[in-house]
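# Understanding the architecture of this molecule
Chain residues, written in single-letter form:
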Amino acid sequence: MQELIRSQVKPEIQVFANAEALTQAAAAEFVQQAHQAIQARGRFTIALSGGSTPKSLYALLATQPWRNQIPWNQIHFFWGDERHVPPSDPSSNFRMTQQQLLFQVPIPQENVYRIKAENPDAKAAAGEYEQDLRQFFQLQEHQFPRFDLVLLGMGANGHTASLFPGTDAVHEQTRLVVAPWVEELNSYRITLTPPVINNAVEILFFVTGAEKATTLKAVLEGGYQPDRLPAQIIRPTQGRVMWMIDQAAAHLLET
């Protein structure tokens, strides 16, 4: 049954001439989803991603005309994953978002829910973030949060968030947040789990660059091998997944 459900999911794919055009379209999508969620539920919850394309998006959202179109005080910011570093570290996803966006716009501090990755124990940091999610979303046991929007990238090795090839995190089904040891990076990562990401209203992938073209084709058009290509595990259960791709990354796709 699980494989049948997966086979019926058709991702939406949008191809753009370049990363700049993609970022402009992503900003429009962000604004649209924010207004729809706030109209329906009184708030907009988003799980943010690291990476160069999200960095450009965050910087763009802090400028006009986008800045004035966004009801910042009704948006709640979470993170899809984080490096196991303090928030002051140059590689911190939180630090990047803070510099590009959070410091630039009027976001209430209480609306920002970062992963406390400065904890020397990565698994403890994951457990703490899971409790933050349970409290914010008022979850019962066995429930998963429902984010309005989850932003994701994809690495050239097929990883997304911090779901890396060959890690147990790819097949986690009960926890909300885990801290996998990533052998190729020689470090822990802290990440939302597949059932959390897949429970979102909308999932938005950003993929740019010719170096990702072969992997992208395998993820979208190849056989289902999530242990090798973890991005394939992202198949929303009650929502939509949109891949926003530049022409360089998309040039091998048949569609």
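Check the entry above for the structure.
Reference entry: report on the structure contained in this document. (Residues numbered from 1 in each chain as written. Predicted model: local features only at pLDDT ≥ 70, side-chain atom pairs only at ≥ 80, totals over all residues. Heavy atoms only, no water.)

What follows deals with the packing of aromatic side chains. All chains considered together, the criterion is met by 11 aromatic pairs. Ring plane angle 65° and centroid distance 5.1 Å describe the contact between Tyr113 and Phe136, whose orientation is recorded as edge-to-face. Pair noted here: Tyr113 is in the loop between helix H4 (93–102) and helix H5 (122–137) and Phe136 is in helix H5, with a separation of 23 residues, a long-range link. For the pair Tyr113 and Phe136, one class covers both residues: buried. Each ring, one from Phe136 and one from Phe137, has its centre 4.9 Å from the other, and the planes form 80°; the classification is edge-to-face. On the basis of relative accessibility, which here comes to 13%, the residue Phe137 falls in the buried class. (Phe/Tyr/Trp six-rings, centres within 6.5 Å; stacked < 30°, edge-to-face > 60°. Helix = DSSP H or I, 4+ residues; strand = E, 2+ residues; numbered from the N terminus. Buried < 20%, exposed > 50% of the residue type's maximum accessible area, 1.4 Å probe, protein only.)

Here we come to the nonpolar core. Counting 80 residues, the largest nonpolar core has Phe77, Phe147 and Trp243 as its most contacted members. For this core, the element with the most residues is helix H2 (residues 19–41), which contributes 8 residues. Non-local contacts of Trp243, meaning those with residues more than four positions away in its chain, are made with Pro11, Glu12, Ile13, Gln14, Met154, Phe205, Val207, Leu216, Val219, Leu220 and Ala231. (Core = buried A, V, L, I, M, F, W, Y, C linked by side-chain atoms within 4.5 Å. Contact = heavy atoms within 4.5 Å.)

Attention now goes to unusual backbone geometry. Following Gln64, the chain continues to Pro65 via a peptide bond in cis, the omega torsion being 5°. In this structure, Pro65 sits in the loop between helix H3 (52–61) and strand S3 (75–79). Even without a glycine there, the phi angle at Gln138 is positive, about 50°. Its location among the elements puts Gln138 in the loop between H5 and strand S5 (149–153). For Gln138, a relative accessible area of 66% translates into the label exposed. Positive phi values are uncommon outside glycine, yet Asn186 reaches one of about 55°. By the secondary structure assignment, Asn186 is in the loop between strand S7 (181–182) and strand S8 (187–192). Classification of Asn186 by relative accessible area gives exposed; the value is 56%.

Let us now look at the side chain of Thr167. Within the fold, Thr167 resides in the loop between S5 and strand S6 (177–178). Looking at Thr167, its side chain comes within polar contact range of the main-chain oxygen of Phe164, at 2.7 Å. Filtering out sequence-adjacent residues up to four positions away, Thr167 remains in contact with Pro180 and Trp181. (Polar contact = N/O pair within 3.5 Å; in protein donor to acceptor, adjacent residues only side chain to side chain.)

On inspection of all chains with the given rule, the structure shows 10 salt bridges. The partner of Arg41 in a salt bridge is Asp148, and the shortest N-O contact between them spans 2.5 Å. One end of the pair, Arg41, is in helix H2; the other, Asp148, is in the loop between H5 and S5, and 107 residues separate them in sequence. (Salt bridge = Lys/Arg side-chain N within 4 Å of Asp/Glu carboxyl O.)

Position of Pro145 among the secondary structure elements: in the loop between H5 and S5. Expressed as a C-alpha distance, the spacing of Pro145 and Trp243, which sit 98 residues apart in the sequence, is 22 Å. Not counting chain neighbours up to four residues away, the residues in contact with Pro145 comprise Phe137, Leu139, Leu176, Val196 and Asn199.

The next subject is H5. With 16 residues, H5 extends 23 Å between its outermost C-alpha atoms, agreeing within 8% with the 22 Å of an ideal straight helix rising 1.5 Å per residue. Every buried residue of H5 is listed here: Ala122, Ala125, Ala126, Tyr129, Glu130, Leu133, Arg134, Phe136 and Phe137. The secondary structure elements touched by the buried residues of H5 are strand S2 (44–48), S3, S6 and S8. Of the residues one or two after H5, Gln138 is the one with positive phi, at around 50°. (Expected span 1.5 Å × (residues − 1).)

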